[in-house]
Amino acid sequence: MFKSSELPDCCYPNQPILICPTIPTPKHSLYLSNLDDQKFLRFSIKYLYLFKKSVSLDSLKYSLSRVLVDYYPLAGRLRATAEDDQKLEVDCNGEGAVFAEAFMDITAEDFLQLSNKPNRSLRKLLYRVEALTFLDVPPLVVQVTNLRCGGMILCTAINHCLCDGIGTAQFLQAWAHITTKPNLDIPISPLHTRHVLKPRNPTQINFTHPGYTRTNPNDYNTHNIDMVKFLQSQPLVPSSLTFTTSHILHLKRQCVPSLKCTTFEALASHTWRCWVRSLDLSHSLNVKLLFSVSIRKKMNPELPLGYYGNGFVLGCAQTNVKDLVTANLHHGVKLVQQAKSTLDNDYIRSMIDLLEDKTVKTDLSTSLVISQWSKLGLEDLDFGEGKPLHMGPLTSDIYCLFLPVIGDFDAVRVLVSMPEGIVEKFEYFMTEFWDKEDNITDANGYHGEDK
């Protein structure tokens, strides 16, 4: 039995190496769209996978060098453009991805005991690149950690300016495909160009975009609430709650028959409402829910198959605290649906044009941000020894993630970090209906409606 709540240190038998594409790749600058390089996305997404059986390190390194021929921008480096130091591009120079190999003296079962709630010790599972700035970190960093039991943990840090969740899943699936079927072409060829999402000239901002605000260096109004600063000024504790299909059905029942809703709409509204209730905010305060929405099929024409750049925007639902917490779930769901309905081609083009103004930033002041990782294909990764026992982020933050539950496609794990003194209240509000609901329905027997 694994007693500690902290992981032991990793043993690194060798220095990390750079994995370069197996053959020379195009050398050029890759344009990044305004959705790619907005300041909100200037970080690396850190994914963690636990596998029951390890895969040969030589095999993984070779297949990575092969897949980087197709995904060669991930072997390049980010930089500011010569014309505008606020605008980023990729220098496709083939320098390579960082690859670290390690050993940790635990078993897969030990890790599963810890994995439900990420803690800081999980960061040991990803090699830390010493860098002065965000731009100095290579776009792709990988660590493979072999375990005492013969299992393996794979951690990847992928720069969000190059890929969104769907794009990351596409890249990881291609890497796994080459590992297991080295003689077959990858199923989806990547599309590198981002010009399909270029702003118009002149820009045409024809809509209001409440999910954004402008940076004003002369604004010294100290009465403005900044939720991010408030939350991050305190010790944060991760909250991880798994909602089964019967829990989700109970939430949906609060809206029918007058309103049909998806799993995401019901659970996002419920989470937003509980988050706001737990923070004891002024009833007159305007609060926002920002949530990721794929635009791949919303653009005209649709984004081409293989597009792995950022093909999502943040939908924005907003209301005052009193209306959100005193009304039933129906109110929040309707706001989410209305926010989704505005996201057509014209609205998204207006948003891309708005982001030409580099003083524009995502409005996080009184917002909960929800990012959906479930149902993107991230959890289906197989390098030849079976699908993962666990998939999730390396760390937890104040931004909320909807995560896949291994072995239960329709369940959702809600992960968000809250201040120590608030997390218990948040979890109470999130789960208070669990005891009241008579869960007669077998969760595996309910197939539900559109998610």
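Throughout what follows, the structure given in this document is the object of discussion. The shown structure was predicted, so the numbers you read here are calculated from the model rather than taken from an experiment. (Residues numbered from 1 in each chain as written. Predicted model: local features only at pLDDT ≥ 70, side-chain atom pairs only at ≥ 80, totals over all residues. Heavy atoms only, no water.)

### A word on the overall build of the protein chain
Note the following rule: A run of H or I in DSSP becomes a helix once it reaches four residues, and a run of E becomes a strand once it reaches two; helices and strands are each numbered from the N terminus. Note that the radius of gyration is over C-alpha atoms, with the globule rule given as 2.2 Å times the number of residues to the power 0.38. With a 1.4 Å probe rolled over the protein chains alone, any residue whose accessible area is under 20% of its type maximum counts as buried; one over 50% counts as exposed, and the rest are partly exposed. The contact rule is simple, with two residues in contact once any of their heavy atoms fall within 4.5 Å. Note on charges: Lys and Arg go in the positive column, Asp and Glu in the negative column, and His and the chain ends are not counted at all. Here the site of a charge means atom NZ of a Lys, CZ of an Arg, CG of an Asp or CD of a Glu.
If you tally the helices and strands in the protein chain, you get 10 helices and 17 strands. At 22 Å, the protein chain has a C-alpha radius of gyration in line with the 22 Å of a compact globule built from 451 residues. Principal-axis analysis of the C-alpha atoms places the extent of the protein chain at approximately 60 × 60 × 40 Å. Counting all 451 residues of the protein chain, 55% fall into the buried class. Of the contacts formed within the protein chain by residues at least 6 apart in sequence, a portion of 81% connects residues at least 24 apart. In the protein chain, which carries 45 positive and 49 negative side-chain charges, the distance between the mean positions of the two groups comes to 1 Å.

### Concerning the sheet that holds strand S8 (residues 152–159)
What holds strands together in a sheet is hydrogen bonding between their backbones, with the strands either parallel or antiparallel. Put simply, the test is: Between any two strands, at least two bridges found by DSSP are needed for them to pair. Comment: axis = line fitted to C-alpha atoms, over the contacting stretch for helices; angle = value between 0 and 180 degrees taken between N-to-C directions.
Across the sheet, 6 strands lie side by side as S1-S6-S7-S8-S3-S15; this open sheet has mixed pairing. The sheet terminates laterally at strand S1 (17–19) and strand S15 (390–393), the two strands that pair on one side only. Taking the axes of each pair of neighbouring strands and ignoring which way they run, one obtains an average angle of 20° across the sheet. Here helix H3 (residues 165–180) sits on the sheet and contacts strand S3 (44–51), strand S7 (140–147) and S8; the angle it forms with S8, its principal contact strand, is near 130°.

### Some thoughts on the nonpolar core
For clarity, the cut-off: Among buried residues, the Ala, Val, Leu, Ile, Met, Phe, Trp, Tyr and Cys ones that are joined through side-chain atoms within 4.5 Å form a nonpolar core.
Within the largest apolar cluster, 72 residues are counted, with the highest numbers of intra-cluster contacts made by Trp272, Trp275, Val276, Leu289, Ile370 and Phe402. In terms of residue count, the dominant contributor to this core is helix H6 (residues 263–278) (8 residues). Look past the residues within four positions of isoleucine 370 in its chain and what remains in contact with it is Phe264, Ala268, Thr271, Leu289, Leu290, Phe291, Ser292, Cys400 and Phe402. Within the second largest apolar cluster, 49 residues are counted, among which are Tyr49, Leu154, Cys163 and Leu378.

### Section: helix H1 (residues 57–70)
Inclusion rule: A helix's residues, less one, multiplied by 1.5 Å, set its expected span. Polar contacts, as used here, are pairs of N or O atoms within 3.5 Å; protein pairs need one atom able to donate a hydrogen and one able to accept it. Residues neighboring in sequence count only if both atoms are side-chain atoms.
In a regular helix each residue adds 1.5 Å, so 14 residues correspond to 20 Å; H1 covers 21 Å between its end C-alpha atoms and thus fits that length. Those residues of H1 hidden inside the fold are in contact with S1, strand S6 (97–104), S7, S8 and H3. With a side-chain oxygen lying 3.3 Å from the backbone nitrogen of aspartate 58, the N-terminal cap of H1 falls on serine 56.

### Description of the state of the cysteines
As a reminder, the rule being used: We call a pair of cysteine sulfur atoms a disulfide whenever their separation is within 2.5 Å.
The tally for this structure, following the rule as stated, stands at 0 disulfides. Free cysteine cysteine 11: the closest other cysteine sulfur is in cysteine 10, separated by 8.5 Å. Cysteine 400 supplies the cysteine sulfur nearest to cysteine 316, a cysteine that is in no disulfide, at a spacing of 16 Å. What makes cysteine 316 buried here is its relative accessible area of 16%.

### Quick notes on unusual backbone geometry
Between asparagine 201 and proline 202 the backbone carries a cis peptide bond, its omega angle lying at 0°. Mapped onto the elements of the fold, proline 202 is located in the loop between H3 and strand S9 (212–214). The omega torsion of the bond from asparagine 300 to proline 301 falls at 0°, within 30 degrees of zero and hence cis. Topologically, proline 301 is positioned in the loop between strand S11 (286–294) and strand S12 (312–320). Positioned with a positive phi, aspartate 280 is a non-glycine residue whose angle comes to about 50°. Look at lysine 375: it is not a glycine, yet its phi comes out positive at around 65°. Structurally, lysine 375 is set in the loop between strand S14 (367–372) and S15. Residue class for lysine 375 comes out partly exposed when judged on its relative accessible area of 27%.

### Let's talk about the side chain of asparagine 345
Positionally, asparagine 345 belongs in helix H9 (residues 345–354). By relative accessible area, asparagine 345 is classed as buried at 16%. In this structure the side chain of asparagine 345 is engaged in a polar contact, spanning 3.0 Å, whose partner is the backbone nitrogen of asparagine 300. Once residues within four sequence positions are removed from consideration, asparagine 345 is found in contact with Lys298, Met299 and Asn300.

### A few points about the packing of helix H5 (residues 245–253) against H6
Two quantities define a packed helix pair, namely the angle between the helix axes and the distance between the axes. Quick note on the threshold: To sort the angles, those under 35 degrees are grouped as roughly parallel, those over 145 as roughly antiparallel, those from 65 to 115 as roughly perpendicular, and the leftovers as oblique. Under the scheme applied, nonpolar residues are Ala, Val, Leu, Ile, Met, Phe, Trp, Tyr, Cys and Pro; charged residues are Asp, Glu, Lys and Arg; polar residues are all the others, including Gly.
Running from N to C, H5 and H6 cross one another at 80°; their axes reach a closest spacing of 9 Å. By the angle between their directions, the pair H5 and H6 is classed as roughly perpendicular. Contact residues: Ile248, Leu251 and Lys252 in H5; Thr263, Ala266, Leu267 and His270 in H6. In the contact of H5 with H6, the residues fall into 4 nonpolar, 2 polar and 1 charged.

### Digging into the pattern of salt bridges
Put simply, the rule reads: The salt bridge definition used is simple: a Lys or Arg side-chain nitrogen within 4 Å of an Asp or Glu carboxyl oxygen.
Across all of its chains, the model carries 21 salt bridges by this definition. The residue glutamate 265 makes a salt bridge to lysine 340 at a minimum N-O spacing of 2.8 Å. Highlighted residues: glutamate 265 in helix H6 and lysine 340 in helix H8 (residues 329–341), separated in sequence by 75 residues. Judged by relative accessible area, lysine 340 falls into the partly exposed class, the value being 26%. Across the salt bridge formed by aspartate 280 and lysine 425, the nearest N and O atoms sit 2.8 Å from each other. Here aspartate 280 is found in the loop between H6 and S11, whereas its partner lysine 425 is found in helix H10 (residues 420–436), with 145 residues between them in sequence. Judged by its relative accessible area of 29%, lysine 425 is partly exposed.

### Some points on the environment of leucine 354
As for its position among the elements, leucine 354 is in helix H9. For the pair leucine 354 and tyrosine 212, spaced 142 residues apart in sequence, the C-alpha separation works out to 9.1 Å. Residues within four places of leucine 354 in sequence aside, it is in contact with Ile205, His209, Tyr212, Arg214 and Val360.

### Some words on the sheet that holds S12
Read across the sheet, 6 strands follow the order S10-S17-S16-S14-S11-S12 without closing on themselves; strand pairing throughout is mixed. Two strands close off the open sheet at either side, each with one partner strand: strand S10 (236–243) and S12. Neighbouring strand axes in the sheet, compared pairwise and without regard to direction, differ in orientation by 25° on average. Of the pairings in the sheet, the one linking S11 to S12 comprises 9 bridges and is antiparallel in character. Bridge pairing in S12 places valine 293 opposite valine 313. Its contacts with the sheet put H6 on S10, S11, S12, S14, strand S16 (400–405) and strand S17 (408–419), and the angle it makes with S14 is roughly 150°.

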